Amino acid sequence: MAKKHNLLFIFTDEQRFDTMACYGNSFIHTPNLNALSKESFIFENAYVSQPVCTPSRSTILTGLYPHTNGCISNNVPLLPEIKTIAEMVSEEYLCAYYGKWHLGDEIIPQHGFEKWVSIEDVYRPYYSREEYLAYFSSHHHFLIENGFTPDIESKGAKIFSRWMAANLPERFTKASFLGEEAARFIKENCNRPFILYVNFLEPHMPFTGPFNKMYPPEKLPTNPHFLQRPPKNASLVNRIISDFYNSKYSGYNLKNEKDWRKIRAQYLGLVTLVDKAVGVILRALYECGIADNTIVV
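In this report, we go over the structure that sits alongside the text. (Residues numbered from 1 in each chain as written. Predicted model: local features only at pLDDT ≥ 70, side-chain atom pairs only at ≥ 80, totals over all residues. Heavy atoms only, no water.)

## A look at the state of the cysteines
Within this structure, the stated rule accounts for zero disulfides. Distance from the sulfur of Cys190, which forms no disulfide, to the nearest cysteine sulfur (Cys288) is 4.0 Å. (Disulfide = S-S within 2.5 Å.)

Here it is in structure tokens:
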């Protein structure tokens with residue numbers, strides 16, 4: 001009998017579709033995503049149930065619309081009675097969830113996922129139980145073990161801000177940490193069927209990282225919409241994001257074309273950072289000889 005297929009599902013967060021060669025971008029360096037795309041089905045018209053983190057994630061994991069599963073806005077927990085894919089497959093599968101969850105109690109294994117590696121502590125205000133505040137993410141412990149000191153306070157404890165974590169050397173970033181941890185999982189569990197969800201934060205804001213200077217801002221390709229405000233008939237999320245980044249509250253000093261080019265270049269650096277981590281994960285599949293038996297999404 002043929003061995004059951006594994007499922008490797010890779011999320012990136014706030015990544016534009018046009019940041020890979022398969023969608024026409026020859027400027028950015030994403031060799032691992034490019035190689036994956038050459039072996040894959042490429043969707044030219046893909047839609048999400050809702051373009052907001054929690055609702056969109058809830059649909060992908062459950063197959064239900066947000067208004068059905070209850071996660072209609074950010075930081076709404078996925079109810080225990082709503083099943084994820086990990087609760088629908090046979091017990092033969094080892095199910096693991098690595099990275100950003102954003103569906104309640106960020107650092108607590110749940111919904112059928114036995115293995116759990118977390119990277120976020122900023123959702124502490126939304127934990128369902130006070131005792132969970134005594135726990136910290138896997139990435140937090142990783143940074144502490146490597147001599148780093150938390151820089152902000154949240155719900156009575158010091159944690160690492162997204163800004164600080166993003167600006168660390170490459171090997172300490174959330175993306176690189178997840179890549180290595182996911183590769184370790186694959187190597188340790190390659191002899192049994194598994195479902196592994198890897199959820200990168202990058203290239204989500206803050207748009208800064210170890211590859212900030214990889215792409216010269218002045219050489220950055222732009223389209224006719226560059227520096228243009230979205231029209232009134234644009235989607236609500238586009239208009240909200242535009243207003244945010246053009247306001248003093250965003251934390252970004254974006255006054256002119258030079259500023260916008262710089263932040264766009266830094267964003268591309270984060271996409272390349274993710275690509276390198278994806279490469280680490282995909283190489284683990286080949287090294288274990290299970291690439292042909294693994295569905296990668």
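Here the narrative resumes.
## Considering the packing of helix α6 (residues 174–188) against helix α8 (residues 257–287)
α8 packs onto α6 with a crossing angle of 10° between their chain directions and a minimal axis gap of 8 Å. By the angle between their directions, the pair α6 and α8 is classed as roughly parallel. Judged by residue contacts, Ala175, Ser176, Gly179, Glu180, Ala182, Ala183, Ile186 and Lys187 of α6 engage Leu273, Ala277, Val280, Ile281, Ala284, Leu285 and Glu287 from α8. Classifying every residue of the contact of α6 with α8 gives 10 nonpolar, two polar and three charged. (Axes fitted to C-alpha atoms, helices over the stretch in contact; angles between N-to-C directions. Helix = DSSP H or I, 4+ residues; strand = E, 2+ residues; numbered from the N terminus. Parallel < 35°, antiparallel > 145°, perpendicular 65-115°, else oblique. Contact = heavy atoms within 4.5 Å. Nonpolar A, V, L, I, M, F, W, Y, C, P; charged D, E, K, R; others polar.)

## Side note on unusual backbone geometry
For the peptide bond that leads from Glu202 to Pro203, omega is 5°, which places it in the cis range. With respect to the secondary-structure elements, Pro203 resides in the loop between β6 (194–199) and α7 (236–245). With an omega of 5°, the peptide bond running from Met205 to Pro206 counts as cis. Within the element layout of this structure, Pro206 appears in the loop between β6 and α7. Of note in the backbone geometry, Asp105 takes a positive phi value of approximately 50° without being a glycine. Residue placement: Asp105 occurs in the loop between β2 (94–99) and β3 (115–117). At His111, a position not held by glycine, the phi torsion is positive, near 50°. On the basis of relative accessibility, which here comes to 9%, the residue His111 falls in the buried class. (Buried < 20%, exposed > 50% of the residue type's maximum accessible area, 1.4 Å probe, protein only.)

## Thoughts on the nonpolar core
Grouped together as the largest cluster of nonpolar side chains are 52 residues, with contacts concentrated most on Ile186, Leu196 and Phe200. Counting residues per element, the ones that place at least two in this core are β1 (6–11), α1 (31–38), β2, α4 (138–145), α6, β6 and α8. A per-element tally of this core places α8 first, with 14 residues. Counting 17 residues, the second largest nonpolar core, distinct from the first, contains Phe9, Phe11, Leu61 and Tyr197. (Core = buried A, V, L, I, M, F, W, Y, C linked by side-chain atoms within 4.5 Å.)

## A look at the pairing of β6
Of all six residues in β6, six are buried; the element is thus mostly enclosed. Alternating positions in β6 separate into two faces, Phe194, Leu196 and Val198 on one and Ile195, Tyr197 and Asn199 on the other, with burial throughout. Here five bridges tie β1 to β6, and the two strands are oriented parallel to one another. Along β6, the bridge assignment pairs Phe11 with Asn199. In this sheet, β6 lies alongside β2 in parallel orientation, the contact comprising six bridges. (Pairing = 2+ DSSP bridges.)

## Side note on the sheet that holds β3
The five strands are arranged β3-β2-β6-β1-β7 in an open sheet whose pairing can be described as parallel. Bordering the open sheet on either side are β3 and β7 (294–296), each of which pairs with just one other strand. Averaged over all pairs of adjacent strands, the angle between their axes in this sheet comes to 10°, without regard to strand direction. Against the sheet, α8 touches β1, β6 and β7, its axis set at about 175° to β1.

## Focus on the environment of Ala175
Structurally, Ala175 can be placed in helix α6. Looking at Ala175, the relative accessible area reads 0%, which means it is buried. Those residues in contact with Ala175 that sit more than four places away from it in its chain are Phe200, Glu202, Leu273 and Ala277.

## Structural notes on the packing of aromatic side chains
For the coordinates displayed, the defined rule picks out 23 aromatic pairs. Their ring planes at 5° and their centres at 4.9 Å tell us that Phe9 and Tyr197 sit as a pair that is stacked. Of this pair, Phe9 sits in strand β1 while Tyr197 sits in strand β6, and the two are 188 residues apart along the sequence. For the pair Phe9 and Tyr197, one class covers both residues: buried. Chaining the aromatic ring pairs together yields one cluster made of Phe9, Phe11, Tyr97, Trp101, Phe113, Trp116 and Tyr197. Against the face of Phe11 rests Arg57, its NZ or CZ located 5.3 Å from the ring centre. (Phe/Tyr/Trp six-rings, centres within 6.5 Å; stacked < 30°, edge-to-face > 60°. Lys NZ or Arg CZ within 6 Å of the ring centre and 35° of its normal.)

Nothing here speaks to function; it is geometry throughout.
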